[in-house]
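Take a look at the letters that make up each chain.
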Amino acid sequence: MTEIALILLSSVLVNNFVLTKFLGICPFLGTSSKVETAVGMSFAVMFVMTVASTVSWLVQQYVLIPLELEYLQTIFFILIIAALVQFIEMMIHKTSPVLYQGLGIFLPLITTNCAVLGVAILNVQQEQTFLTSALYGFGAAVGFALVLILFAGLRERIEVAPVPTLFKGSPLALITAGMMSLAFMGFSGLVKF
Amino acid sequence: MTGLLYALASLGAFALVAGIVLAIAQKVFHIEGDPMVDKLDALLPQTQCGQCGYPGCKPYATAVACGEADVNHCVPGGERTMLQIADLMGVEPKDLEAEPVAPMLAFVREDECIGCTLCIKACPVDAIIGAPKQYHTVIADHCTGCTLCVEPCPVDCIDMLMKPELIEHWSWPLPDTKRAQLGHERREQHAGHG
């Protein structure tokens, strides 16, 4: 039980993928202009990350290692992620056309979201078990979602704030992201290794 | 060698499984497109000229289907297309918004052409042939006279000429129409030269 809590805590806060590992920055900046799209994106990424990390673990354990094909890891994992993203794209297009419009190009771009591939490869490198790798994937996705939604909320408020023209838009977004990153670095003191 | 075989077989098998799953998902999450849009799109001339104010034929068809646009904006399609669209939509035909103009034809003055290929890129029906630093020319049969190539030309060497009226396309114009007037003017001009 403590292990599960530790894994979740570590992947959500301490080793947050976006703000301490700096993976998945593109959708972090791209889909965070509105809270609504950020929430949609978060759920899409959560689904893809969790399923991708479990499926890639299964493929690694039962296909790649027995056949001694570890060198095909990257291509296999990318295939898994691409298929999953295609699947979720169809699902969102069917169930919520508004969200589909809102996410736009960032939905197919989850395929190239390095955080997703990062989770799958880190799972293999850290020699996780099936359960822990699923938890790790889920935790990383929750961390991504948390940060993305927080950031979208901040950006929505900043949008209406009187800021110097020089800082309007992307510059202030980047500064905000940097400050959030600094804040999240503080979590590294939470767990004593 | 066997290693390579395993690699190919496993990757192929995995891709096949993923493909089958996605194909099933495609069926499950199939989205009914608006059949009206496709029907309207089929009526339009597909020149993608943008003279209707929409970025192409499909966007115009979409706009007509949801009632945003009138039926009479398609310039290359002319009256016939307008009547077909009005018929399909079940609305009253309207007069064409644009005045019916004499069919035009783009003409590249070859001695001034610098071979920049900009007009080739602009042409929606690929009626301009040429290569970089070679003279370009217009295939008269394919040109729809949409004038989209005139704007991008950096040396302004494209003229819009009146399309020569061919005997096989000619029909007796209705009296008191712009076309009859134009024909009359043309005959006058011809007589003047003769």
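Residues numbered from 1 in each chain as written. Chains lettered and ligands numbered in written order. Predicted model: local features only at pLDDT ≥ 70, side-chain atom pairs only at ≥ 80, totals over all residues. Heavy atoms only, no water.

Across its full length, chain B holds six helices and four strands. Each helix and strand of chain B, ordered N terminal to C terminal, gives the series α-α-α-α-β-α-β-β-β-α. For chain B, buried positions account for 28% of its 194 residues. A sequence separation of at least 24 residues applies to 50% of the contacts in chain B between residues at least 6 apart. For chain B, the exposed surface amounts to about 12,900 Å²; the carbon and sulfur share of it is 59%. (Helix = DSSP H or I, 4+ residues; strand = E, 2+ residues; numbered from the N terminus. Buried < 20%, exposed > 50% of the residue type's maximum accessible area, 1.4 Å probe, protein only. Contact = heavy atoms within 4.5 Å. Areas by Shrake-Rupley, 256 points an atom, 1.4 Å probe, with all protein chains shown as cover.)

Take the overall build of chain A next. A count of helical and extended segments in chain A gives eight helices and zero strands. Helices and strands appear in chain A in the N-to-C order α-α-α-α-α-α-α-α. When contacts within chain A are restricted to residue pairs at least 6 apart in sequence, long-range pairs at least 24 apart make up 77% of them. Accessible surface computed for chain A: about 9,600 Å², of which carbon and sulfur atoms make up 71%.

Residue and element names in this part refer to chain A. Following the sequence through the fold, Thr31 ends up in the loop between α2 (25-30) and α3 (35-64). Under the relative-accessibility criterion, Thr31 is labelled buried at 4%. Here Pro27 takes part through its backbone oxygen, which lies 2.7 Å from a polar atom of the side chain of Thr31. Apart from the residues lying within four places of it in its own chain, the contact partners of Thr31 are Thr37, Ala38, Met41, Phe106 and Leu148. (Polar contact = N/O pair within 3.5 Å; in protein donor to acceptor, adjacent residues only side chain to side chain.)

Below, the discussion takes up a nonpolar patch on the surface. A surface patch of nonpolar side chains, about 420 Å² in accessible area, is lined by Leu166, Phe167, Ile175 and Met179 of chain A. Among the structural elements, Ile175 of chain A can be located in helix α8 (residues 170-185). (Patch = residues over 30% accessible without salt bridge, like charges linked within 9 Å, V, L, I, M, F, W, Y side chains within 5 Å. Salt bridge = Lys/Arg side-chain N within 4 Å of Asp/Glu carboxyl O.)

Below, the discussion takes up the interface of chain B and chain A. In this assembly, 14 residues from chain B lie in contact with 17 residues from chain A. Run the count over chain B and chain A and you get zero salt bridges. One can count zero residue pairs in polar contact (both at pLDDT 80 or more) joining chain B with chain A. A breakdown of the residues in the side of chain B that touches chain A according to their chemical character gives ten nonpolar, four polar and no charged. (Nonpolar A, V, L, I, M, F, W, Y, C, P; charged D, E, K, R; others polar.)

With the rule as written, the count across this model stands at nine aromatic pairs over all chains. Where Phe28 of chain A meets Phe151 of chain A, the ring centres are 4.4 Å apart and the plane angle is 20 degrees; that geometry is what we call stacked. Of the two residues, Phe28 of chain A is situated in helix α2 and Phe151 of chain A in helix α7 (residues 130-160); the sequence distance between them amounts to 123 residues. Neither Phe28 of chain A nor Phe151 of chain A differs from the other in exposure class; each is buried. With 5.9 Å between their ring centres and 75 degrees between their planes, Phe87 of chain A and Phe29 of chain B make a pair best called edge-to-face. Within this pair, whereas Phe87 of chain A is found in helix α4 (residues 73-95), its partner Phe29 of chain B is found in the loop between α1 (2-28) and α2 (35-43), the two belonging to separate chains. Site record: aromatic cluster; members linked through ring pairs are Phe47 and Phe87 of chain A together with Phe29 of chain B. (Phe/Tyr/Trp six-rings, centres within 6.5 Å; stacked < 30°, edge-to-face > 60°.)

Residues and elements named next belong to chain B. Tallied over the entire structure, the rule returns three salt bridges over all chains. Close ionic contact of Glu112 with Arg109 constitutes a salt bridge, the shortest N to O distance being 3.1 Å. Its relative accessible area of 22% is what places Arg109 among the partly exposed residues. With its nearest N and O atoms 2.5 Å apart, the salt bridge here joins Arg109 to Asp159.

The biggest cluster of nonpolar side chains holds 54 residues, and the ones touching the most others in it are Phe17, Phe28, Val48, Met49 and Ile110 of chain A. Mapped by element, the contributors of at least two residues to this core are α1 (2-14), α3, α4, α6 (114-125), α7 and α8 of chain A. Setting aside residues no more than four positions away along its own chain, Ile110 of chain A makes contact with Met41, Ala44, Val45, Val48, Ile81, Val85 and Val116 of chain A. If you look at the next biggest cluster of nonpolar residues, it comprises 16 residues, including Leu44, Tyr60, Val64 and Ile85 of chain B. (Core = buried A, V, L, I, M, F, W, Y, C linked by side-chain atoms within 4.5 Å.)

Turning next to the side chain of Thr132 of chain A. Residues and elements named next belong to chain A. Note on placement: Thr132 falls in helix α7. The exposure class of Thr132 is buried, given its relative accessible area of 9%. Setting aside its immediate chain neighbours within four residues, Thr132 contacts Glu3 and Ile7.

Right, let's get into the environment of Leu117 of chain A. Residues and elements named next belong to chain A. Note that Leu117 resides in helix α6. On a C-alpha basis, the gap between Leu117 and Leu23 in space is 9.6 Å, while along the polypeptide they are 94 residues apart. The contacts of Leu117, once residues within four sequence positions are left out, are Thr74, Phe77, Ile78 and Ile81.

In this model, chain B carries an average pLDDT of 82, and 90% of its residues clear a pLDDT of 70 or more. Predicted complex metrics record ipTM = 0.70 and pTM = 0.59. (pLDDT = per-residue confidence, 0-100.)

For the rest of this paragraph, the subject is the packing of α3 of chain A against α4 of chain A. When two helices pack together, you describe them by how their axes are tilted relative to each other and by the distance separating the axes. Residue and element names in this part refer to chain A. Packing of α3 against α4 leaves a shortest axis separation of 9 Å and a crossing angle of 145 degrees. Note on packing geometry: the crossing formed by α3 with α4 is right-handed. Along its contact with α3, which presents Ala44, Phe47, Val48, Val51, Ala52, Val55, Ser56, Val59, Gln60, Val63 and Leu64, the element α4 presents Gln73, Phe76, Phe77, Ile80, Ile81, Leu84, Val85, Phe87, Ile88 and Ile92. The class makeup of the residues in the contact of α3 with α4 is 18 nonpolar, three polar and no charged. (Axes fitted to C-alpha atoms, helices over the stretch in contact; angles between N-to-C directions. Left-handed = near helix turned anticlockwise from the far one by under 90°.)

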